[in-house]
Amino acid sequence: MQRNDPCWCGSGKKYKKCHMPIEEKILLHADRGEIVPKRELLKTPFQIEKIKESAALNTAVLDEVEKHIHIGMSTAEIDRIVYDFTTSHGGIPAPLHYQGFPKSVCTSINNEVCHGIPDENIILREGDIVNVDVSTSLDGYFSDASRMFTLGKISERAERIIRVTEECVHLGLAQAKPWGHLGDIADAINSHAQANGYSVVEEIGGHGIGLEFHEEPFVSYVTPKGSEMLLVPGMMFTIEPMVNEGSPDFFVDEDNDWTVYTIDDGLSAQIEYMVLITETGAEVLTK
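Residues numbered from 1 in each chain as written. Predicted model: local features only at pLDDT ≥ 70, side-chain atom pairs only at ≥ 80, totals over all residues. Heavy atoms only, no water.

Looking at the overall build of the chain
Then step 1. Scanning the chain for helices and strands turns up 5 helices and 15 strands.
Then step 2. In terms of C-alpha radius of gyration, the chain reaches 20 Å, essentially the compact-globule figure of 19 Å for 287 residues.
Then step 3. Structurally, the chain occupies a C-alpha span of about 65 × 45 × 30 Å along its principal axes.
Then step 4. A buried classification covers 55% of the 287 residues belonging to the chain.
Then step 5. For the chain, restricting intrachain contacts to residue pairs at least 6 apart in sequence, the fraction spanning at least 24 positions comes to 68%.
Then step 6. By element, 50% of the accessible surface of the chain is carried by carbon and sulfur atoms, the whole surface being about 12,800 Å². (Helix = DSSP H or I, 4+ residues; strand = E, 2+ residues; numbered from the N terminus. Rg over C-alpha atoms; globule rule 2.2 N^0.38 Å. Buried < 20%, exposed > 50% of the residue type's maximum accessible area, 1.4 Å probe, protein only. Contact = heavy atoms within 4.5 Å. Areas by Shrake-Rupley, 256 points an atom, 1.4 Å probe, with all protein chains shown as cover.)

Comments concerning the pairing of strand 14 (residues 273-277)
Then step 1. Burial within strand 14 is extensive, with 5 of its 5 residues counted as buried.
Then step 2. Both faces of strand 14 are covered, namely the face carrying Tyr273, Val275 and Ile277 and the face carrying Met274 and Leu276.
Then step 3. Sheet analysis places strand 9 (residues 236-239) next to strand 14, joined by 4 bridges and oriented antiparallel. The residue of strand 14 that forms the bridge with Phe237 is Val275.
Then step 4. Pairing geometry for strand 14 and strand 15 (residues 282-286), over 4 bridges, is antiparallel. Pairing of Met274 across the sheet is with Thr286, part of strand 15.
Then step 5. What sits between the antiparallel neighbours strand 14 and strand 15 is a turn of 4 residues. (Pairing = 2+ DSSP bridges.)

A closer look at the pattern of salt bridges
Then step 1. Within the structure shown, the criterion is met by 14 salt bridges.
Then step 2. Salt-bridge contacts for Lys43 lead to Glu215; the nearest nitrogen and oxygen are separated by 2.9 Å. Placement of Lys43 in the loop between helix 1 (22-31) and helix 2 (45-68) and of Glu215 in strand 8 (residues 215-219) is noted, with a sequence separation of 172 residues between them. Note on accessibility: Lys43 and Glu215 belong to one class, buried. (Salt bridge = Lys/Arg side-chain N within 4 Å of Asp/Glu carboxyl O.)

Topic: unusual backbone geometry
Then step 1. That bond from Glu216 to Pro217 is cis: its omega, 0°, falls within 30 degrees of zero.
Then step 2. By secondary structure assignment, the location of Pro217 is in strand 8.
Then step 3. Positive phi, close to 60°, is recorded for Asp257, a residue that is not glycine.
Then step 4. If you trace the backbone, Asp257 turns up in the loop between strand 11 (250-252) and strand 12 (260-262).
Then step 5. By relative accessible area, Asp257 is classed as exposed at 60%.

Description of the packing of helix 4 (residues 156-174) against helix 5 (residues 182-195)
Then step 1. The interhelical angle for the contact between helix 4 and helix 5, taken along N-to-C directions, is 155°, at an axis separation of 8 Å. Here helix 4 lies roughly antiparallel to helix 5, going by the angle between them. Crossing handedness for the pair helix 4 and helix 5: right-handed. Across from Val164, Glu167, Cys168, Leu171 and Gly172 in helix 4, the residues of helix 5 making contact are Ile185, Ala188, Ile189, His192 and Ala193.
Then step 2. Classifying every residue of the contact of helix 4 with helix 5 gives 7 nonpolar, 2 polar and 1 charged. (Axes fitted to C-alpha atoms, helices over the stretch in contact; angles between N-to-C directions. Parallel < 35°, antiparallel > 145°, perpendicular 65-115°, else oblique. Left-handed = near helix turned anticlockwise from the far one by under 90°. Nonpolar A, V, L, I, M, F, W, Y, C, P; charged D, E, K, R; others polar.)

Section: helix 5
Then step 1. An ideal rise of 1.5 Å per residue puts 20 Å on 14 residues; helix 5 measures up with 20 Å between its terminal C-alpha atoms.
Then step 2. The buried count for helix 5 comes to 10 of 14 residues, which makes it a mostly enclosed element.
Then step 3. Looking only at helix 5, the buried set comprises Leu182, Gly183, Asp184, Ile185, Ala186, Ala188, Ile189, Asn190, His192 and Ala193.
Then step 4. Turning to helix 5, the residues buried within the fold contact helix 4, strand 6 (199-200), strand 8 and strand 9.
Then step 5. Backbone geometry just after helix 5 places Gly197 at a positive phi near 85°. (Expected span 1.5 Å × (residues − 1).)

What follows is the structure in structure tokens.
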């Protein structure tokens, strides 16, 4: 960067302004009427290191699920793997009893958008696609990620929606830049999903994380580029679009008040990364 170039933070000021305190940079954007994060949403170096320890365990839990998931197992078996592995390594499954959720992990199959409850009677079958959403508390610090797993030979349509969802996450991640906006991530995700004939769930999105399981901001994946909260180094949140084959609309299971289904019985896929905004981009903490 030359000293006469505009500041990389987007202030339009010259190079010397690049070295102003972060609070002043935030204030410049706030003065423009932009939504800016509260100071407590910016994690300290100590907090970041502790959250990374939680994130490492969270990733290890998903790796353990990947080793054992197979056709013919119940989703309750996945729940036991998550609980046993997490607790044996000093952690706590964050979903367990969270707002009344009864299990340690969410297992969402085929037309289930999210929040599927593990059950002994739900058996994984040939051709199923399942999202396993793992969240961990370690020493009071939180982490979160989900993966899509495939059981045996899956249909072409199932393979395609998983692939496009993964592409959406990577395109969103590429837009997670300091002094950009959450809307930049959303626009990249929504545009790619729509270009491939899919829709993105609007009312359920990502969230801040780290010191609590769910923090501000709510992370939408359908808002315009340049909108929503300013991205500032130290912010942590999830990138986890829920991509539907048909309508973005859904309904919640009346019996358990948790499991979310596509309104038209179409397939749904979700992949979740947890990211930290840094001075130069975004660091993936879990996936």
